[in-house]
Amino acid sequence: QRGIVLHSMGGMGKTALATEAAHWWTHSGLFPDGACFLSFEQFASAERVVQVLGGYCAGPSFDQLPAVEQRRRAIEFLQQKAVLMVWDNYESVLAQFNDTDSPYTDEERQRLADLFHDLTTGPGRGGVLVTCRPGTTGLPGAQRQELSGLARPDSLWLLHRILQRDGLSLDDPRFTKERLGPLLEDLADHPLSLELVGPHLRTLTPEAIRRDFATLLTTFKQTADEERNSSLLASLEFSRRHLSPAAQAALPWLGLFRGGVFEINLLNVSQIEPEVWAPIRAELQGIALLRIEDEILIGDRPFLRFHPTLAIASAD
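If you're wondering where the values come from, they're calculated on a predicted model, not measured in any experiment.

So, the confidence of the model for the protein
- For the protein, per-residue confidence averages 87 on the pLDDT scale, and 93% of positions sit at 70 or higher.
- Taken element by element, the predicted model of the protein shows its lowest mean pLDDT in helix 13 (residues 310-314) (65) and its highest in helix 2 (residues 46-58) (96).

Here it is, written out as structure tokens:
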């Protein structure tokens, strides 16, 4: 199969998995000619897709070719070379994720679909891996692969890492495999659910978490658009309810910003005092809703990257 769509609810780790898969497949020999990556979060036309693929395979001289020749050569590359191209965040293209002013028009969506068809149809050595929240993408001939939870040994390992990170001893009798296993079953072995719920084992037993979680899970199974999302939504609500009052009060301010914001701008807009914000930031970091990126500072403060599910957690 030369065209695969990896789909799941936002925040389940599709981008990270696609990136790691690309690294592994190139190193293990499945795609010895390498892999290139393009995100559709920022507008990327069909022509841009061709340029990224062609530039990766042929170098800067590819840009000097006429557009028609670029497209023909790009198709040839995926036929003749064992190269992988990752189309990330393809939901950004879809109509239901766009407003009327989006550059992703019906015509542009059709051009991308036609290009996908031309790149992946027929015999060839290369392939296209698409990450997208919905499984229905409009990309012809794409094989859909839903992203599920971790294998149980991997989810146990991740939960133990979370416990160690939070200074909890694995010698604690609450953290035996027999007591943690049922909790992991409730969380569907979802890595984000483990990040959201795991830190609360500081103060709650696995059994207490399961009792509270069961009530939430029943509610979300009735209201989630897809049942596979119910465990993650219940994990978000569980974690939100167990935040400190200060962190709960700050969530709506964070929800104003899509994806993230420079910390200085957040403090200016919200008027939250820095000394009040510091423990809130640490608390949200601890449950994976916030990540600090300090490569660029403004006013000696970093950029705060919000998890895609933060908008759900901050909604009333």
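Once the structure has been displayed, the description carries forward.
A short note on the environment of Arg152
- Relative to the elements of secondary structure, Arg152 occurs in helix 5 (residues 152-165).
- Once the C-alpha coordinates of Arg152 and Gln164 are considered, the two residues, 12 residues apart in sequence, prove to be 18 Å apart.
- A distance of 2.8 Å separates the side chain of Arg152 from the side chain of Asp189, its partner in a polar contact.

Observations concerning the packing of helix 5 against helix 6 (residues 177-186)
- It is the contact of helix 5 with helix 6, at a shortest axis distance of 11 Å, that shows an interaxial angle of 105 degrees. Viewed along their axes, helix 5 and helix 6 adopt a mutual orientation that is roughly perpendicular. For the pair helix 5 and helix 6, the contacting residues are Arg152, Ser155, Leu156, Leu159 and His160 in the first and Lys177, Leu180, Gly181, Leu184 and Glu185 in the second.
- In terms of residue class, the contact of helix 5 with helix 6 is made up of four nonpolar, three polar and three charged.

A look at the nonpolar core
- Leu196, Leu201, Leu254, Trp277 and Leu284 are the most contacted members of the largest nonpolar core, which has 44 residues in total.
- Residues within four places of Leu201 in sequence aside, it is in contact with Leu159, Leu163, Leu168, Arg174, Phe175, Leu180, Leu183, Pro206 and Ile209.

Regarding unusual backbone geometry
- Here Asp189, not a glycine, exhibits a phi torsion of approximately 55 degrees, which is positive.
- Take Asp189: it is sitting in the loop between helix 6 and helix 7 (191-197).
- Its identity as a non-glycine residue notwithstanding, Gln271 has a phi of 60 degrees, on the positive side.
- With respect to the helices and strands, the residue Gln271 is situated in the loop between helix 11 (263-270) and helix 12 (274-286).

Considerations on the state of the cysteines
- Here the structure, examined in full by the defined rule, presents zero disulfides.
- Left without a disulfide partner, Cys57 is nearest to the cysteine sulfur of Cys36, which lies 6.2 Å away.

Section: the pairing of strand 4 (residues 127-132)
- Burial of strand 4 is extensive: six of the six residues sit out of reach of the surface.
- Burial of strand 4 is two-sided: the residues Gly127, Leu129 and Thr131 facing one way and the residues Val128, Val130 and Cys132 facing the other way are all buried.
- One ladder, built from five bridges, connects strand 1 (residues 3-7) with strand 4; its direction is parallel. Directly across from Gly3, in strand 4, lies its bridge partner Val128.
- Of the pairings in the sheet, the one linking strand 3 (residues 84-88) to strand 4 comprises four bridges and is parallel in character. In the sheet register, Val86 faces strand 4, and the bridge partner there is Leu129.
- The parallel pair strand 3 and strand 4, bridged by helix 4 (residues 106-120), forms a crossover whose chirality is right-handed.

Observations regarding helix 10 (residues 245-254)
- Three or more residues of helix 10 are buried, namely Ala247, Ala250, Leu251 and Leu254. The arc enclosing the buried residues of helix 10, seen along the axis, measures out at 125 degrees, which places them on a common side. Exposed residues lying more than 90 degrees from the buried face of helix 10 are Pro245 and Ala249.

Re the pattern of salt bridges
- One pass over the structure, following the stated rule, counts 20 salt bridges.
- For Asp118, the salt bridge is made with Arg71, and the minimal N-O distance between the two is 2.8 Å. A residue pair is termed long-range when its members are at least 10 positions apart, and Asp118 in helix 4 and Arg71 in helix 3 (residues 67-80) qualify at 47 residues.
- Residue Arg71 is classed as partly exposed on the basis of its relative accessible area, which comes to 29%.
- In this structure, Arg179 engages Glu207 in a salt bridge whose closest nitrogen and oxygen atoms are separated by 2.7 Å. Here Arg179 is found in helix 6, whereas its partner Glu207 is found in helix 8 (residues 206-223), with 28 residues between them in sequence.

Topic: the packing of aromatic side chains
- Within the structure shown, the criterion is met by eight aromatic pairs.
- When the ring of Phe40 is compared with that of Tyr90, the centres are 5.3 Å apart and the planes differ by 80 degrees; the resulting orientation is edge-to-face. Taken together, the residues Phe40 in the loop between strand 2 (35-39) and helix 2 and Tyr90 in the loop between strand 3 and helix 4 connect sequence positions 50 residues apart. In this structure, Phe40 and Tyr90 share a single accessibility class: buried.
- Between Phe43 and Tyr104 the ring centres are 5.0 Å apart and the planes differ by 55 degrees, which places this aromatic pair in the tilted class. Of this pair, Phe43 sits in the loop between strand 2 and helix 2 while Tyr104 sits in the loop between strand 3 and helix 4; the two residues are 61 residues apart in sequence, bridging distant segments of the chain.
- Judged by its relative accessible area of 42%, Phe43 is partly exposed.
- Each residue in the set Phe40, Trp87, Tyr90 and Phe116 is aromatic and connected to the rest through ring pairs, giving one cluster.

Conventions we followed
- Residues numbered from 1 in each chain as written.
- Predicted model: local features only at pLDDT ≥ 70, side-chain atom pairs only at ≥ 80, totals over all residues.
- Heavy atoms only, no water.
- pLDDT = per-residue confidence, 0-100.
- Helix = DSSP H or I, 4+ residues; strand = E, 2+ residues; numbered from the N terminus.
- Polar contact = N/O pair within 3.5 Å; in protein donor to acceptor, adjacent residues only side chain to side chain.
- Axes fitted to C-alpha atoms, helices over the stretch in contact; angles between N-to-C directions.
- Parallel < 35°, antiparallel > 145°, perpendicular 65-115°, else oblique.
- Contact = heavy atoms within 4.5 Å.
- Nonpolar A, V, L, I, M, F, W, Y, C, P; charged D, E, K, R; others polar.
- Core = buried A, V, L, I, M, F, W, Y, C linked by side-chain atoms within 4.5 Å.
- Buried < 20%, exposed > 50% of the residue type's maximum accessible area, 1.4 Å probe, protein only.
- Disulfide = S-S within 2.5 Å.
- Pairing = 2+ DSSP bridges.
- Right-handed = clockwise from strand over helix to strand, strands pointing away.
- Arc of directions from axis to C-beta.
- Salt bridge = Lys/Arg side-chain N within 4 Å of Asp/Glu carboxyl O.
- Phe/Tyr/Trp six-rings, centres within 6.5 Å; stacked < 30°, edge-to-face > 60°.

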